[in-house]
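# Breakdown of the fold
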Amino acid sequence: MRKGSLSVNVTAVALFALSMFPFYVMVVSAFKHQMQIYENPWMFAAPFHFDNFSEAFRQIRVPIVNSLLVTTIGIAVTLTASATAAYAFAKYDFPFKNLAFTFMIMLLMIPGFVILVPQFINIKNLGMYNTIIGQALPPAASYTAMGVLLMRTFFEGLSRSLYEAAEMEGASDVRIFSRIVLPLSKPILATVAIMSGLQIWNNFVWSLVVTTGDKVKPVILAITTIAGNINQGDGVKLAGYIIASLPLLILFFAATKPFVSGLTQGAVKG
Amino acid sequence: MNEVAYTPPRGNGLLRRIRKNKMAYAFLLPAILLLSTIKYYPFFTSVVESLFDWNGVNINRFIGFGNYAELLGDEKIRVAFANVFKISTATIAIQLTLPLLAALLVFRIRNGTLQNFLKVGFIVPLVVPMMVLVLLWRWMYSGDFGLVNQLLEAIGLAGWKHSWLGDPSTALWAIVFVGFPWVAGLPFLLYLAGLQSISSDLYEVADLEGAGPIRRLLSIELPLLASQIRLVLMYAVLQAFQLFEAPYILTNGGPGISTITPALHIYDQAFNYGRFGYASSIGVLLFAVLLALTLVIQRSVKNTDKID
């Protein structure tokens, strides 16, 4: 087992370094003015220009707030719709159960681009063009299919006797759902929240189509047009890219476990 | 009369069961409302409107299969599907090798600290928005001072300096190249999770039998990763055929139409030309192609056999 383990370590670290290289260059250059990037793009160099970050932040401050709103609303919609539906599937045995479940899961088979155009007209007709809610609903609906799938499995894994005991005590269905099932399901709620949040925050195409001007522009669109003045140059753009990535990175390091399980489970179930 | 009364009360029984479970339907309501209005209604509109000359505003005229007839002769469609076919082939080749190699390496690292560090480290780029990665590469490709060209100069290959995105013969491959070395991503995570779920008994048996690392890979790891490999294949195809961000930002389909994709074409026809009906027909074609490819992959790559 010992044999070859040094070469394994070295190769793995080398691959990792290569993967990180573009991000390394991005961070290095984000602190530079244009001339410093020309002179030596590969290393950190003094003076560090934090003004790149303040300038970039000034340009994408409002879009960040917009994105936070869109993402929060989207997560709330996904969680509500998936948790209630998953509860129905897990607790009850009702006519047309399989049909209803197929109806929800079928959505996973429809690629986003296929419905891009009519979905745009639909949202426009609903009066949601260029609004926060118009940006949040479609991606939230998309992730609801996966949410129902993941949560149904989890709810069904909760002990049957739990439901029965609660019913004996005379607890209503709504009460069982809100006081027993939801509190016991925090891990899966976190997983679904994080996964839908990730997709909504990163959703470029839909926001490109359904927004115009600056009113509700999300950060993912705003970063494509960040610009610095002649001196600052590209450093400002790169600083903006870093700022736009930070919320998700912070979330990732704060909740690595639900993140990783969300990514793997989401893929495996899908 | 009597006969009618004696037929099993199926309708009533069903109704009774529905009434008894009315809470279940109430709990289903939010999701059903959301999915039907926001997703399924547009999907059916898409299929129907693909038969119409539709501009989304005042023109909505039935033209039968007119849009589909036009698809057949559309040079952009041919190039777009050829492009995503090339891209998905390249993506599949990449994702079946490099991330698997990385996962195997990380799995075999004995030093716990290093292993944990790399496990997390290879996942971090998954969290960075795709758009940030694309924009970063746009910056690295740009002009003479772009980092790609600077790097070539630094390692003595100044003669290779090139306008990577501006030349029709390299632009498509420059788009595929985004994300090099393509290790950190979902495939890595899936492979690693798959490897970790392989029972250690199997490895002990392999050790006893004196199987080397290659033998282990071929007889244990690859067969037991079949499910993951199938998933990676499906993801690669689904993503490649819907590729939009990278060509939109890097080349906008150019030079000429050399990097156009079906997604770009849909966007362009609908939002630049107002041809919503035609764009819908491209969407339906894309749906049909993806459905067919998904079925082919599901039929041809087996799921992992259960080992008890």
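As a convention, each chain's residues are numbered from 1 in the sequence order in which they are written. Chains carry letters and ligands carry numbers; both start at the beginning, A for chains and 1 for ligands, and go up in the order they are written. Only residues with pLDDT of 70 or above have their local features reported here, since the model is predicted, and side-chain atom pairs are shown and tallied only from 80 upward, although totals for entire chains, interfaces and linings are computed over all residues.

### With respect to the overall build of chain A
Numbering of helices and strands runs from the N terminus; a helix is a DSSP stretch of H or I covering at least four residues, while a strand is a stretch of E covering at least two. Helix and strand content of chain A: 13 helices and zero strands. Going from the N terminus to the C terminus, chain A shows its helices and strands as α-α-α-α-α-α-α-α-α-α-α-α-α. In this treatment the radius of gyration is a C-alpha quantity, and the globule benchmark scales as 2.2 Å times the residue count to the 0.38 power. Relative to its length of 270 residues, chain A is extended, with a C-alpha radius of gyration of 23 Å against a globular reference of 18 Å. Along the first, second and third principal axes, the C-alpha atoms of chain A reach 75 × 65 × 35 Å. With C-beta atoms placed from the backbone, the exposure class of a residue follows from how many other C-beta atoms lie within 10 Å of its own: 20 or more, buried; 12 or fewer, exposed; in between, partly exposed. The buried share of chain A, taken over its 270 residues, is 48%. When contacts within chain A are restricted to residue pairs at least 6 apart in sequence, long-range pairs at least 24 apart make up 79% of them. Whether two residues are in contact depends on their C-beta atoms, placed from the backbone: they are in contact if these lie within 7 Å.

### Some remarks on the domain arrangement of chain B
All domain edges in this entry derive from an automatic or database-based domain assignment. Partitioning chain B into structural domains gives domain 1 (2-49) and domain 2 (73-300). Distance between the C-alpha centres of domain 1 of chain B and domain 2 of chain B: 41 Å.

### Observations regarding unusual backbone geometry
Following B:Phe180, the chain continues into B:Pro181 via a peptide bond in cis, with omega recorded as 0°. In this structure, B:Pro181 sits in the loop between helix H11 (168-177) and helix H12 (186-196). The backbone phi angle of A:Asn130 is positive, close to 60°, even though this residue is not glycine. As for its placement among the helices and strands, A:Asn130 is situated in the loop between helix H5 (116-125) and helix H6 (132-157). The phi dihedral of B:Asn252 is positive, around 50°, even though this residue is not glycine. Inspection of the secondary structure puts B:Asn252 in the loop between helix H16 (245-250) and helix H17 (262-271).

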